[in-house]
Amino acid sequence: MIDNIEIDNYGVIKTINEIDEGHKIMKMLGGCGCINISCM
Amino acid sequence: MIYNRNLRLDILPTEECNFRCVYCYENFKIKKMDDKVIEGIKNLILARSKTLKNLEINWFGGEPMLAYDVIKDIMEYSKYLSIRYNFKLTSSMTTNGSLLTIKKFKELYELYVRWFQISFDGDKDNHNKFRITREKTDTFDIIYNNILNLHKSNINSDIVIRLHLNKNNYQSIYNFIDRLSLDIGNDNRFKIFIRELSRLGGTNDKKLPVIDNQNEINYLLKKLRDRIKKSGLHIYKINNIEMCYAASMSQYLIRANGYIGKCTVALYDDKNIIGKINSDGTIIIDKDKLKYWIRGNFSNNIGELKCPLKYV
């Protein structure tokens, strides 16, 4: 599934899959919850 | 699906620092960002502007305030583009706080840099053992005074005061909480975030008084958080499951030399050099390296989203 990505010249990622589960989870959780180095 | 509506840039305008904190993992070799990289970032944002809904710029370093002119330059241009193309602009800064005068707090507020993270290692005695200047002088008073000046002002910026708990500073943090409570009270612009001291790859890692027992860490952090609440101070809350920005499909780290990465910690890991920005705003990305960081989006694996670097 991860093979299906394209990146344009300005870093925009395009994926074939309309919904990928991991990203769905991330969005449900409100996106990135880190504050810089706290993720470590 | 095309991930073109949100863009998060974590920018290191310099990798030099005026501090030499004992636990720091950076080597300070790359100095201030040069004009070609600045031009590249501005052109990248311009190229993305037409489809953007949200642009988030986070300033990191080194000490970002040592390159204040770079920050101003990029933020002024981003503000102009956000008005012209009608996207939301937000910005934050992780800083040691030593150069944040009221004048600069005000200027940064106008440029949408309105969230700051500033670290302490306890009260004056302990803090000054860990966070010292490049010239080995104390830093507590200058940072604390800058914070007090913001408290006395009407600038509506948010400050996260980050505290590092180690084997020897529990009482010192406790005293610092009491000091903050007296000086800042329930000013809700200030939030407190406590975390245990960690080894992040610095040269002094082996000597650091890190608490290794997780039960002990949890017990001490709980006691300190209870003290914060009783003191009327506010705790900074983050999601229970922390998802790392480095796993995001719409985030890039831009180093002072123009290298593109993902993570602000593993700066010297080859996996974290995934490309380079050109002065015309185009970026060259190694697709295989990028896939490593964003793989959690496809695998449905929380660990890979939480910390793509650690979870191998």
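Here goes a summary of the coordinates provided. (Residues numbered from 1 in each chain as written. Chains lettered and ligands numbered in written order. Predicted model: local features only at pLDDT ≥ 70, side-chain atom pairs only at ≥ 80, totals over all residues.)

A few points about the overall build of chain B
Counting its secondary structure elements, chain B contains ten helices and eleven strands. A globule of 312 residues ought to have a C-alpha radius of gyration of about 20 Å, and chain B, at 20 Å, matches this closely. By the burial criterion, 42% of the 312 residues in chain B qualify as buried. Of all intrachain contacts in chain B linking residues separated by at least 6 positions in sequence, the fraction that spans at least 24 positions is 72%. (Helix = DSSP H or I, 4+ residues; strand = E, 2+ residues; numbered from the N terminus. Rg over C-alpha atoms; globule rule 2.2 N^0.38 Å. Buried ≥ 20, exposed ≤ 12 C-beta atoms within 10 Å, placed from the backbone. Contact = placed C-beta atoms within 7 Å.)

Concerning the pairing of strand 2 (residues 6-11) of chain B
Walk down a regular strand and you will see the side chains alternate between the two sheet faces. Residues and elements named next belong to chain B. The pairing of strand 2 with strand 3 (residues 54-59) spans six bridges and is classified as parallel. Within the sheet, the bridge partner assigned to leucine 7 lies in strand 3 and is leucine 55. You can see the chain leave strand 2, run along helix 1 (residues 35-49) and come back into strand 3, and the turn it takes is right-handed. As paired strands, strand 2 and strand 8 (residues 251-254) are joined by four bridges and run parallel to one another. Residue pairing for strand 8: leucine 9 is matched across the bridge by tyrosine 252. (Pairing = 2+ DSSP bridges. Right-handed = clockwise from strand over helix to strand, strands pointing away.)

Quick notes on the packing of helix 6 (residues 170-184) of chain B against helix 7 (residues 214-230) of chain B
All names here are of chain B. Following both chains from N to C, one finds helix 6 and helix 7 inclined at 15°, their axes separated by 10 Å at the closest point. Taken together, the axes of helix 6 and helix 7 lie roughly parallel to each other. For the pair helix 6 and helix 7, the crossing hand works out as right-handed. Of the residues in helix 7, those in contact with Tyr170, Ile173, Tyr174 and Ile177 of helix 6 are Leu220, Leu224, Arg227 and Ile228. Among the residues forming the contact of helix 6 with helix 7, the class breakdown is seven nonpolar, no polar and one charged. (Axes fitted to C-alpha atoms, helices over the stretch in contact; angles between N-to-C directions. Parallel < 35°, antiparallel > 145°, perpendicular 65-115°, else oblique. Left-handed = near helix turned anticlockwise from the far one by under 90°. Nonpolar A, V, L, I, M, F, W, Y, C, P; charged D, E, K, R; others polar.)

Describing the sheet that holds strand 11 (residues 283-285) of chain B
Residues and elements named next belong to chain B. As summarised here, the arrangement of the ten strands in space is 7-6-5-4-3-2-8-9-10-11, forming an open sheet in which the pairing is mixed. In this open sheet, the two edge strands, each paired with only one partner strand, are strand 7 (190-196) and strand 11. Strand-to-strand twist across the sheet, computed as the mean angle between neighbouring axes with direction ignored, equals 25°. Where strand 9 (residues 259-261) meets strand 10 (residues 275-277), two bridges bridge the pair, whose relative direction is antiparallel. Residue pairing in the sheet places tyrosine 259 in a bridge with lysine 276 of strand 10. Across the sheet, helix 1 touches strand 2, strand 3, strand 8, strand 10 and strand 11, and the angle it forms with strand 10 is around 90°.

Here we look at the nonpolar core
Grouped together as the largest cluster of nonpolar side chains are 81 residues, with contacts concentrated most on B:Ile11, B:Ile41, B:Ile159, B:Ile161 and B:Ile254. Dropping the residues within four chain positions of it, B:Ile11 is found in contact with B:Ile41, B:Ile57, B:Trp59, B:Phe60 and B:Ile254. (Core = buried A, V, L, I, M, F, W, Y, C linked by C-beta atoms within 7 Å.)

Considerations on the packing of helix 1 of chain B against helix 2 (residues 68-85) of chain B
Residues and elements named next belong to chain B. Direction vectors running N to C along helix 1 and helix 2 enclose 15°, while the axes themselves pass 10 Å from each other. Accordingly, the angle class assigned to the pair helix 1 and helix 2 is roughly parallel. Where helix 1 crosses over helix 2, the handedness of that crossing is right-handed. Contacts from Ile38, Ile41, Lys42, Ile45, Leu46 and Ser49 in helix 1 reach Val70, Asp73, Ile74, Tyr77, Ser78, Leu81 and Tyr85 in helix 2. Split by residue class, the contact of helix 1 with helix 2 holds nine nonpolar, two polar and two charged.

Concerning the environment of B:Met75
Residues and elements named next belong to chain B. In this fold, methionine 75 is placed in helix 2. Along the chain, methionine 75 and leucine 111 lie 36 residues apart, while their C-alpha atoms are 5.9 Å from each other. With residues near it in sequence (within four places) discarded, methionine 75 still touches Ser91, Leu111, Tyr112 and Val113.

What about unusual backbone geometry?
Residues and elements named next belong to chain B. The step from glycine 61 to glycine 62 runs through a cis peptide bond, and the omega angle for that step is 15°. Summarising the element assignment, glycine 62 is placed in the loop between strand 3 and helix 2. Even without being a glycine, phenylalanine 28 presents a positive backbone phi close to 65°. As for its position among the elements, phenylalanine 28 is in the loop between strand 2 and helix 1. Residue classification places phenylalanine 28 among the partly exposed positions, given that 16 C-beta atoms sit within 10 Å. Of note in this structure, asparagine 86 is not a glycine but carries a positive phi near 60°. Examined against the element boundaries, asparagine 86 turns out to sit in the loop between helix 2 and strand 4 (88-94). Here asparagine 86 falls in the exposed class, since 10 other C-beta atoms lie within 10 Å of it.

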